[in-house]
Each structure stands twice: as C-alpha cells, then as structure tokens.
Amino acid sequence: MLEQPTKPLTGPIETMRDDLSAERRAQVSYPPGETSFSMKRTNGFMTEPLELLLDAYERFGPIFTMRVFHHNVVFMLGPEANHFMLVSNADKFNWRDGHMRDLIPLLGDGLLTTDGTYHRIHRKMMLPTFHSERIRAATATMEDEIGKAVDRLEPDQTFDLYEWTKMVALRVAMRALFGLDPDRAQGDDLDAAHEFETALSFHAHSVPGQLARGPGTAYSRLLKARKRLDSLIYSEIDRRRQSGQRGDDILSLLLDTRDEDGDPLASEQIRNEMMTLLFAGHDTTASTITFLFYELALTPEVLDAPGVTVEMLREEVLRKYPPAWVGPRRTNQQFEFGDHVVPAGAHCQYSSWVSHHLPDVWDDPARFDPYRFTVEGMAGLRKGQYVPFGGGSRTCIGMRFGEAEIAIFIRRILARFRFELDPAYELVIRTAPTISPRKGMPMTVRSAEPAAVLANAERPEAAPARV
Ligand code: HEM
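Residues numbered from 1 in each chain as written. Predicted model: local features only at pLDDT ≥ 70, side-chain atom pairs only at ≥ 80, totals over all residues.

### Some remarks on the overall build of the protein chain
If you tally the helices and strands in the protein chain, you get 18 helices and 13 strands. Relative to a compact globule of 467 residues, whose C-alpha radius of gyration would be 23 Å, the protein chain shows 22 Å and is just as compact. For the protein chain, the spread of C-alpha atoms along the three principal axes comes to 65 × 55 × 45 Å. Counting over 467 residues, the protein chain shows a buried share of 42%. (Helix = DSSP H or I, 4+ residues; strand = E, 2+ residues; numbered from the N terminus. Rg over C-alpha atoms; globule rule 2.2 N^0.38 Å. Buried ≥ 20, exposed ≤ 12 C-beta atoms within 10 Å, placed from the backbone.)

### Considering the packing of helix H8 (residues 161-178) against helix H14 (residues 267-298)
Viewed as axis vectors pointing N to C, H8 and H14 meet at an angle of 145 degrees, and their least axial separation amounts to 8 Å. As H8 packs across H14, the resulting crossing turns out to be right-handed. Side by side, H8 and H14 meet where Leu161, Tyr162, Thr165, Lys166, Ala169, Leu170, Ala173, Leu177 and Phe178 of the first sit next to Met274, Leu277, Leu278, Gly281, His282, Asp283, Thr285, Ala286, Ile289, Thr290 and Phe293 of the second. Of the residues belonging to the contact of H8 with H14, the class tally is 13 nonpolar, 5 polar and 2 charged. (Axes fitted to C-alpha atoms, helices over the stretch in contact; angles between N-to-C directions. Left-handed = near helix turned anticlockwise from the far one by under 90°. Contact = placed C-beta atoms within 7 Å. Nonpolar A, V, L, I, M, F, W, Y, C, P; charged D, E, K, R; others polar.)

### Regarding the sheet that holds strand E10 (residues 417-421)
The strand order across the open sheet formed by 3 strands is E5-E13-E10, and the pairing between neighbours is antiparallel. Strands at the two margins of the open sheet, each flanked by one partner only, are strand E5 (158-160) and E10. Each strand axis lies, on average, 40 degrees off the axis of its neighbour in the sheet, ignoring direction. Pairing between E10 and strand E13 (residues 442-447): 5 bridges, direction antiparallel. (Pairing = 2+ DSSP bridges.)

### Observations concerning the nonpolar core
Proteins that are soluble and globular tend to have nonpolar side chains buried together. Residues Val74, Met76, Leu177 and Met274 are the most contacted members of the largest nonpolar core, which totals 106 residues. Setting aside chain neighbours within four positions, we find Met76 in contact with Pro62, Ile63, Ala81, Phe84, Met85, Phe337, Cys348 and Tyr350. (Core = buried A, V, L, I, M, F, W, Y, C linked by C-beta atoms within 7 Å.)

### What about the pairing of strand E6 (residues 327-331)?
Among the 5 residues of E6, 4 are classified as buried, and the element is accordingly described as predominantly covered. As paired strands, strand E4 (residues 93-94) and E6 are joined by 2 bridges and run antiparallel to one another. Across the sheet, residue Phe93 finds its bridge partner in E6, namely Thr331.

### Remarks on the sheet that holds E6
Taken together, the 6 strands give an open sheet; going across it, the order is E1-E2-E3-E9-E6-E4, and neighbouring strands pair in mixed fashion. Of all the strands in the sheet, the pair left with one neighbour each is strand E1 (33-34) and E4. By the bridge criterion, 4 bridges tie strand E3 (residues 71-76) to strand E9 (residues 347-350) in an arrangement that is parallel. Looking at E9, one finds that Val73 is bridged to His347.

### Observations regarding the site of the ligand
In the vicinity of the ligand there are 24 residues, among which Gly281, Gly390, Cys396, Gly398 and Gly402 approach most closely. Sorting the residues of the shell around the ligand by element identifies H14 and helix H18 (399-414) as the ones contributing at least two each. When residues of the shell around the ligand are assigned to their parent elements, the largest contribution, 7 residues, is made by H14. (Near = placed C-beta within 6 Å.)

### Describing H18
With 16 residues, H18 extends 22 Å between its outermost C-alpha atoms, agreeing within 8% with the 22 Å of an ideal straight helix rising 1.5 Å per residue. Listed in full, the buried residues belonging to H18 are Phe401, Gly402, Glu403, Glu405, Ile406, Ile408, Phe409, Ile410, Arg412, Ile413 and Leu414. In the core, the buried residues of H18 are packed alongside helix H7 (132-151), H8, H14, helix H15 (310-320) and E10. (Expected span 1.5 Å × (residues − 1).)

### Quick look at the environment of Thr331
Considering the arrangement of structural elements, one finds Thr331 in strand E6. Here Thr331 is in contact with Lys92, Phe93, Val342, Ala344, Gly345, Ala346 and Cys348, once residues within four sequence places are set aside.

### Considerations on unusual backbone geometry
Its identity is not glycine, yet Phe69 carries a phi of approximately 55 degrees, on the positive side. Residue placement: Phe69 occurs in the loop between strand E2 (63-68) and E3. Positive phi, normally seen in glycine, also occurs at Asp364, with a value near 45 degrees. On the secondary structure map, Asp364 appears in the loop between helix H16 (352-355) and helix H17 (375-379). On the basis of neighbour counts, which here come to 8 C-beta atoms within 10 Å, the residue Asp364 falls in the exposed class.

### Considering the environment of Ile104
Summarising the element assignment, Ile104 is placed in helix H5 (residues 104-107). Along the backbone, Ile104 and Asn272 are 168 residues apart, and their C-alpha atoms lie at a distance of 9.6 Å.

### Here we look at the packing of H7 against H18
Across the interface, H7 lies against H18 with an axial gap of 9 Å and an inter-helix angle of 30 degrees. With respect to H18, the axis of H7 lies roughly parallel. Crossing of H7 over H18 shows right-handed handedness. Contacts between H7 and H18 involve Ile135, Ala138, Thr139, Met142, Glu143, Ile146, Gly147 and Val150 on the former and, on the latter, Arg400, Phe401, Ala404, Glu405, Ile408, Phe409, Arg412 and Ile413. Along the lines of polarity and charge, the residues of the contact of H7 with H18 split into 10 nonpolar, 2 polar and 4 charged. (Parallel < 35°, antiparallel > 145°, perpendicular 65-115°, else oblique.)

Written as structure tokens, this is what we have:
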C-alpha cells in the first residue's frame, strides 16, 4: 500500500511556528544576505520580486538569503543553481513543505503538491495522458476553439486580451481535460473560470491578508470556491462512471487508469489531479499569449524580421515572462552549493524569471529578441540556463500541450490581425501564484495580411536545451 503524503500544515500560526522552529533548529548559518525583518522588503517581494532579486544577485551572487515576512528564504539563481535544484540534487528538496503549500487546500494531493514515491508513482500513472496521440487530439480541440474565438474578433474593437485568452484557454481545458462541451454545459460549468479566479486570488493578497481566517476573508472565499468546483468535478466523475461514457479527454483516461495494485483510482485522486491540471494549465498559456502580444505591439518589426519563426517568438516570450516564475522548495537535508552551506529545513527557491534576466548570463536580458532561439542559439544554451518548464523529475507534464496551444494562438491571430496597445497603458505584473498583467491588457484589433513570420518554415524540432 502506497504511503500517503503527510498531512499538510494549513493554519497560518501553525505554518509560521513550523518555519521559525526549523530556523532555530538549523545546525549551520544560512548563506549571507538580507536577514533582518523588513516589511518594505516583504512588500517588495510581493510586488516587484524581479528587481529585488536581481539586485541581491548582484550583491551576493547566485545563492543568498532574504528574510521575507517572518522567515528566511534561500534563493538559488542561474544555470548551475537551476541544474542543482532540478536535476543533480533534486532529492534534497521537497515541494510539499515549501511556499506553495498554500495551494494544497485547493489542489489536494496531486502531482504538483506531493514528493518522493507518491509523486513518482502518480507521475508514471499520469504520463500516458500526455502522450503524443493525446496531444494530437487536444490540438484539434485547440484549433477549433481558438479558431472560432479569433473569427469572432471584430476589426477596430477594443478588448481585454488577457481576459479573452483566459476564457478561450479555459474552454480548451474544459474540452481537452474534462471532455465538457462548454456551449452545452454553459451556466455552472463555465462559471468554473470565475470560481478558479476567486480561489487563486487568495495568493495575490498581501501576507496579512493571506493569514486572516474567518468569514469574509480571502481564505473563506477560497474554501467556498473550492466547494463549488468540487461539486462540478465530482458530479462529472460520477456521471461518467455511471454512464461509462468516454472520449479523447484526460478525465476519460484517468477513469480507466489502474494503480500499482490494479485498482481504479479513487474519485478523490482523480479530482486532485484534474484540479491540478486545471490550475497549472490555463492561466500559464493565457499570460504567455498576453505578454507576447504586448511585446509585439511595442516592437511590431519583429514580425517581419528575416528567419523569425512562431517557435522563436514562443521561446523568447517564455524566457522574458515565464509564467511559473518561481519554484519554491524546502530542503530535507543540509548541503553545500558553491562556497555556502544551506541548512536542512530551509525554504529554498529557484526562479526561472530571475535566472532568465541575469546580465552575466544573457546578453541585454530586457530586450525582446527571438533570435536568441535560432537552432544555433539554442545549441549554445548552457544546462539550466533556460527553464520555463522547470526540469528533471518535475518538468512540466503539460509542456507539449502548452507549447502546442501557444503556437496555435499565435498562428490563428497573426493570420488575420495585429493588436494595438493603448499608448497610456502601463504594465504592472502580478506575481502570485503565476505572473500575469495585473490590470489586464487593453488591445485594439486591426485587420492585417498574414504576418511574414507565418511563412517562415518551422524551426526543425529541437526542444531547447533545458536542464
Ligand atoms: C506556458 C505553459 C506552461 C508553463 C510555462 C508551465 C510551467 C511549469 C513549470 C515551471 C513547472 C515546474 C514547477 C516547479 O519546478 O516547481 C510545471 C509543472 C507542472 N505543470 Fe506546467 N506549465 C505550462 C502549462 C501546463 C499545462 C498546459 C499543463 C496541463 C494541462 C501543466 C501541468 C503541470 C503539472 C501537472 C505540473 C507538475 C508536474 C510535477 O510536479 O510532476 N502545465 N509547469
């Protein structure tokens, strides 16, 4: 019988006590950094972590400690640190006790929130759901949904690109993951988007806002949203079990998956994995598309640049704005990295976003430049340099799904339109739990001939060197 994941600490007092006692128990000091309490730094971390962490990198190097609210967090940045945390020494880190433990109340014990043997066995069970024939079936759904949504855009209309893309990505997820027809389901089922937003908005609150409990708090809204999402997911699981109805969707596969003992998965396990996929898979794509068209509105000439392909645009936007920007972990043993020792029980994070902006690793990192991802450019990437999908045993399981969806959005939009940005718009990035534009993205639709970039042959399939 597989050992179940440990009971998570969810109460804020319990969690803070645990963090502080781990610090007291540390056998060695934390790597140098900024270790005094500072509310200014804590707020800075919530609102502008890129600037804050780049500045610390310049002063302390690829590993340093930063006190965020009540506790120390060790940051490990850059290619070597990414490779160390994700591949060569991944066994020294746990996901479940790290910062994103706050997602456990919503996601339950799914792929994202578990470690060790439980994670490995579940990952093995989930992998077939993302095999290439599944991605092909999902691609047909994407073409259909994205194609129809683009066809409904009116020339000269102004719309919020982020909201639009999220809605379309959610429709794709509803069909490809759950096999639900968003048009027939309407009402309750499509409100899932709203419920999900409500649940996730918990993470965008300030630290004190997240700590509050009781009626009217962000946490109680999260619980209510979870209840409604649960009833949607469980009723679909029950309906399918009773009717025996199956399709190309991922839920169908999970209903017929057998565990190591040959038993079907419990409804709760299926619910947890489906909730995880819904969480991990719709906002990530939506913000990638939104940031890409933001960049293209600022530098439209990129679309006519010789040799630039759709894949190069996608890779570069995932460099500059990797939606899953941070990878929080907890160390389960003491270790050395470079000249420093990190104690057991420490919060420790890698960050794709910061690693993709290091001035000593990337040439002019603030510049949007798809030429970084020519075949030669990719061959020159160092191990761990480019990690938008993480790496090692926890590499994004939905990577091919996400990549296909992003490419289809780009092709469908650029075949007919360009988007113009309101010149007064100022981008503010919301960082929790993934990066997205805090104020949405107001764009005006303009009719256009197919962009030159669409005529350029796809770059030969060569997944960027990741880790
Ligand atoms: C632009 C699109 C996407 C990006 C940039 C992205 C990024 C990531 C990253 C960085 C991780 C690893 C996090 C860590 O190391 O802590 C991850 C994990 C994961 N992603 Fe994605 N993701 C995307 C799309 C998707 C999609 C479409 C799905 C599912 C339909 C998905 C499902 C997952 C799951 C289940 C995990 C956990 C894997 C594990 O721990 O074994 N993602 N993703």
